[in-house]
Structures are given as C-alpha cells and as structure tokens.
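Summary of structural features
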Amino acid sequence: MSELTELTVQNPVEEFLRMDRIPHIWCPGCGIGTSVNSFAHALIDAKIDTRNVAIVSGIGCTGRVAGYVKQDSFHTTHGRAIPFATGLKLANPKLNVVVYSGDGDLFAIGGNHLIHAARRNVDLKVICINNLIYAMTGGQTGPTTPNDVITSTNPYGTFDASFNLPYLVEAAGAVYVARWTAFHVRQLARSIQEMFAKKGFSFIEVLSPCPTLYQRRNKMGDGLDTMKFYKEVSKIRNGAATKDVALTKSGEITVGKFVDRERSDYRDLLHDRLLDSLGDDYVETEACTCQ
Amino acid sequence: MAKGSVQIVAERCKACGFCVEFCPTHVLALSSAFNAKGYHTPYMVHPDKCSGCDLCGMYCPDFAIFGHKDAAKETVAAAAPVSAVEAKEEQDAR
Ligand SMILES: Cc1ncc(C[n+]2csc(CCOP(=O)(O)OP(=O)(O)O)c2C)c(N)n1
Ligand code: SF4
Ligand code: SF4
Ligand code: SF4
Ligand SMILES: [Mg+2]
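Residues numbered from 1 in each chain as written. Chains lettered and ligands numbered in written order. Predicted model: local features only at pLDDT ≥ 70, side-chain atom pairs only at ≥ 80, totals over all residues. Heavy atoms only, no water.

Turning our eyes to something else, we now look at unusual backbone geometry. Note the cis peptide between Ile22 of chain A and Pro23 of chain A, where omega equals 5 degrees. With respect to the helices and strands, the residue Pro23 of chain A is situated in the segment before helix 1 (32–45). If you check the backbone angles, Asp54 of chain B has positive phi at about 65 degrees while not being a glycine. By the secondary structure assignment, Asp54 of chain B is in the loop between strand 3 (40–44) and helix 2 (55–59). The buried category is assigned to Asp54 of chain B, whose relative accessible area is 9%. (Helix = DSSP H or I, 4+ residues; strand = E, 2+ residues; numbered from the N terminus. Buried < 20%, exposed > 50% of the residue type's maximum accessible area, 1.4 Å probe, protein only.)

Right, here's the structure in full:
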C-alpha cells in the first residue's frame with residue numbers, strides 16, 4: 001500500500017490535529033477519534049478562529065484529545081479540567097474554552113467542579129465522551145455505568161444506580177444540554193456548532209464505544225457492533241424532558257437537544273455586581289493574552 | 001461516473017469497519033491485504049458509486065480515510081491493495 005504516497009487532497013480535519021502524533025493510542029473501534037472528526041468539522045463549518053479556542057482535558061483515554069488537537073490545549077490532572085478551564089475563561093474572556101473529557105473524569109473525581117461551574121453558569125463548552133466506564137485504568141465501574149454491567153470492579157454485575165447526565169447537568173444550571181452517540185457524526189457536529197454560539201455552561205454527552213473494556217466484558221461485540229447498536233436503538237427526541245432520558249444497558253437511547261435556554265453567565269454577573277458596588281472605582285481588567 | 005473519491009492512508013487504519021458499514025452507497029470493503037500492523041484496510045469496491053460525501057471520513061476514528069468531490073481518482077486506484085481478481089471476487093460476494 002506504500003504506492004499511496006502522494007495525497008492530492010488533504011483531509012481538512014488534519015489541519016486541526018498534531019499529525020506528527022498520529023497514529024494515536026486509541027484502540028481499533030474506539031469512538032473517541034470519531035468524535036474528534038465531528039469537533040473539527042464543527043470548527044470548520046462555524047468558521048471559528050482556532051487561535052481563540054483552547055481545549056482542556058482531564059485524565060483518561062478521552063483526556064488524550066488535548067494532546068492530539070492543534071489548538072492551545074492543556075491536559076490537566078484527573079478531574080480538574082473544569083477548574084482549569086474556569087480560570088482560563090475568567091482570565092481571558094475572549095477565548096472559547098472547550099472541556100473535552102471522559103465520564104469518569106467529569107462526573108466522579110471532577111463531579112463537584114462540574115456541578116458548580118454549571119450552577120455559576122461559567123461560559124464553558126463541555127464535551128463528555130461517555131463510554132460508561134473508567135477506560136484508561138482497566139474498565140472499573142464509574143458513576144455512569146448502567147445496571148447489570150460486568151466491570152473489573154463488579155465481576156457479578158453493577159447494582160447501584162447511575163447518573164443520568166443530562167438530568168444532572170440541567171438541574172445544576174446548564175443553558176445547553178444535548179446527547180448524541182458516536183454514530184451521530186453530523187448531528188454531533190451541528191450540536192457543537194450550536195454550543196459555540198451559546199454563552200454559558202453548555203454540555204454535550206457523546207456515547208462512545210469502548211470495545212476493549214466495556215463491550216468485551218459484556219459480550220457486546222466490537223466497536224462496529226456498538227455503532228450498529230446505537231443506530232438501532234437511538235431515538236431523536238429534541239426537547240425531551242431530561243428526567244426521561246436515563247440510560248440502561250441495552251434499552252433505547254434518547255438523543256437530541258434537550259435544553260437551550262438563556263441565563264446570565266458568571267462573568268457578566270461578576271462584572272455587573274462590581275460595577276454596581278464600586279461605580280467609577282471599578283476598573284475592568286485587561287484580558288491576559290499569550291503572544 | 002463517480003462524483004467523488006476517497007483517499008486512504010492505509011498505515012493509519014485499524015480496520016474497525018466503520019467506513020465500510022456507514023458509507024451510504026456501499027462503496028468500500030475491507031481488503032484481504034494487510035497493512036504493516038496487520039489490519040485489513042478498506043478499498044473502493046464500487047468506486048463509481050462514490051459521491052464524495054466524506055461520511056467515511058467523519059466516521060473514521062483513525063483519520064485514515066476521507067472522501068472528497070471529484071479529482072485525484074488516479075491515486076485512489078493505486079490505493080486498492082488487492083489484485084483485480086480479488087476485487088472482483090469480493091464484489092461478487094456482496
Ligand atoms: C488523582 C488521580 N486518581 C486516579 C487516577 C487514575 N485514573 C486515570 S484515568 C481514570 C478514569 C478515567 O475515566 P474517564 O474519565 O471515563 O476516561 P476514559 O478513559 O473512559 O475515556 C482514573 C481513575 C489518576 N490519574 N489521578
Ligand atoms: S480502552 Fe476503551 S476508551 Fe480507551 S482507547 Fe481503548 S477502546 Fe477507547
Ligand atoms: S465519500 Fe461518501 S460515498 Fe464515497 S466512500 Fe466515503 S462515505 Fe462512501
Ligand atoms: S474507518 Fe478508518 S480505521 Fe476504520 S476501517 Fe475505515 S479507514 Fe480503517
Ligand atoms: Mg469513561
């Protein structure tokens with residue numbers, strides 16, 4: 001296959017990636033790379049200036065995204081993507097700050113950061129790759145693992161309740177909440193575009209296959225089988241009540257945009273309050289920039 | 001006449017089959033040849049049916065394939081890693 005040395009047209013996604021690091025470490029049939037295509041296409045279609053985009057990840061297989069994208073990015077410690085991103089956004093409000101991380105990182109160790117950033121309505125764009133498990137560390141049960149699933153820490157099956165992420169994030173205060181799967185590549189790209197147009201805490205859950213550690217232990221086939229399963233059982237229900245969209249091991253997956261509302265974001269509230277209280281004494285701080 | 005074509009960087013492919021499964025016009029198939037890591041990479045079994053929609057590229061988790069409108073068809077012909085006979089066999093088997 002080495003005949004194919006000269007590519008006459010380049011994949012537009014490559015512009016957004018550190019190609020010297022590709023091939024990446026993700027397993028065959030892992031959905032994380034697929035979601036990155038949707039992300040790159042959203043930036044292309046929305047004509048976003050990538051010099052004003054920063055990507056922040058925590059730790060995990062998904063956290064690796066920060067290392068593969070060519071935008072300014074930071075791979076924080078486990079669970080701390082949101083506080084890092086919050087600081088970044090407050091210090092430089094012109095930046096589009098994206099948090100790209102895993103379900104475990106955002107909702108287990110980082111769960112408190114997430115709910116409080118949503119409560120304060122910090123202007124962050126959060127993309128959560130939900131493979132229903134702690135993948136990188138060997139497939140342990142996480143707060144998103146549905147009932148009756150075999151994991152390395154629940155060899156007889158999980159029995160404790162799991163989080164319904166859209167419901168949780170809506171209750172905490174997010175202004176934009178959507179869910180797609182790795183199968184919904186175009187819908188996901190459109191949703192990411194919408195998120196870039198939004199001000200305030202925005203959240204997209206992306207269900208994604210982890211054939212190596214989730215599907216394999218549960219005899220659910222490989223990545224392709226999971227993608228076919230998503231195609232088969234997903235129902236698009238925009239505006240669905242988030243309390244009704246909880247996931248089960250093999251039941252229907254409700255996808256779509258669930259929440260799209262307006263609420264003053266944290267920085268505007270802070271600005272207004274300081275201006276109110278200090279009047280002429282209030283001096284707007286210059287945005288920090290990196291040249 | 002095909003409206004589009006694909007480019008494949010075989011050495012990046014991990015043979016997940018997403019591109020083959022989700023191409024709307026079933027242009028692709030996994031070949032019987034291997035890349036250096038031992039994966040069966042895709043090739044165009046029905047090049048004439050390609051619309052250049054790039055859905056294969058959107059699905060590919062490894063950035064190994066992408067579709068585009070027109071142009072560069074010659075490179076693609078070179079990318080088919082199997083003999084014409086094998087290609088014919090796979091086509092018949094579908
Ligand atoms: C403070 C700390 N605790 C634990 C770990 C081990 N650890 C690394 S990744 C991870 C879970 C990642 O799960 P998730 O965020 O769902 O990412 P995935 O690998 O599934 O994409 C854990 C527990 C760590 N790196 N740091
Ligand atoms: S372990 Fe799972 S989540 Fe991690 S790269 Fe492999 S398939 Fe993807
Ligand atoms: S560009 Fe579209 S039609 Fe052509 S192979 Fe890819 S998915 Fe199929
Ligand atoms: S989607 Fe990409 S990695 Fe998967 S078989 Fe096609 S080219 Fe190979
Ligand atoms: Mg996970």
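Further notes follow.
To summarise the sheet geometry, strands pair through backbone hydrogen bonds and adopt either a parallel or an antiparallel arrangement. All names here are of chain A. The strand order 2-1-3-4-6-5-8-7 describes an open sheet built from eight strands, whose pairing is mixed. The sheet is open, and its two edges are formed by strand 2 (72–75) and strand 7 (234–236), each paired on a single side. Pairs of neighbouring strands in the sheet enclose a mean axial angle of 20 degrees, with direction left out of account. Where strand 5 (residues 176–181) and strand 8 (residues 253–260) come together, four bridges link them in antiparallel fashion. Residue pairing for strand 8: Tyr176 is matched across the bridge by Asp260. (Pairing = 2+ DSSP bridges. Axes fitted to C-alpha atoms, helices over the stretch in contact; angles between N-to-C directions.)

This part is about the site of ligand 1. Residue and element names in this part refer to chain A. Not every one of the 16 residues close to ligand 1 is listed here, only the nearest: Cys61, Thr62, Asp103, Gly104 and Asp105. Between ligand 1 and Met136 there is a distance of 3.0 Å, counted from an oxygen atom to a backbone nitrogen or oxygen. Out of a free accessible area of 590 Å², ligand 1 has 73% covered by protein chains. Broken down by element, the residue count for the shell around ligand 1 peaks at four residues, all from helix 4 (residues 103–109). Among the residues making up the shell around ligand 1, the classes are represented as seven nonpolar, seven polar and two charged. (Near = heavy atom within 4 Å. Polar contact = N/O pair within 3.5 Å; in protein donor to acceptor, adjacent residues only side chain to side chain. Areas by Shrake-Rupley, 256 points an atom, 1.4 Å probe, with all protein chains shown as cover. Nonpolar A, V, L, I, M, F, W, Y, C, P; charged D, E, K, R; others polar.)

Residues and elements named next belong to chain A. Here chain A averages 95 in pLDDT, while 96% of its residues score no lower than 70. Taking the mean pLDDT of every element in chain A, the minimum, 95, falls on helix 10 (residues 266–278) and the maximum, 99, on strand 6 (residues 202–207). Ignoring residues within four places in sequence, the model shows residues 1–5, a span with pLDDT below 50, making twelve contacts including any to other chains. (pLDDT = per-residue confidence, 0-100. Contact = heavy atoms within 4.5 Å.)

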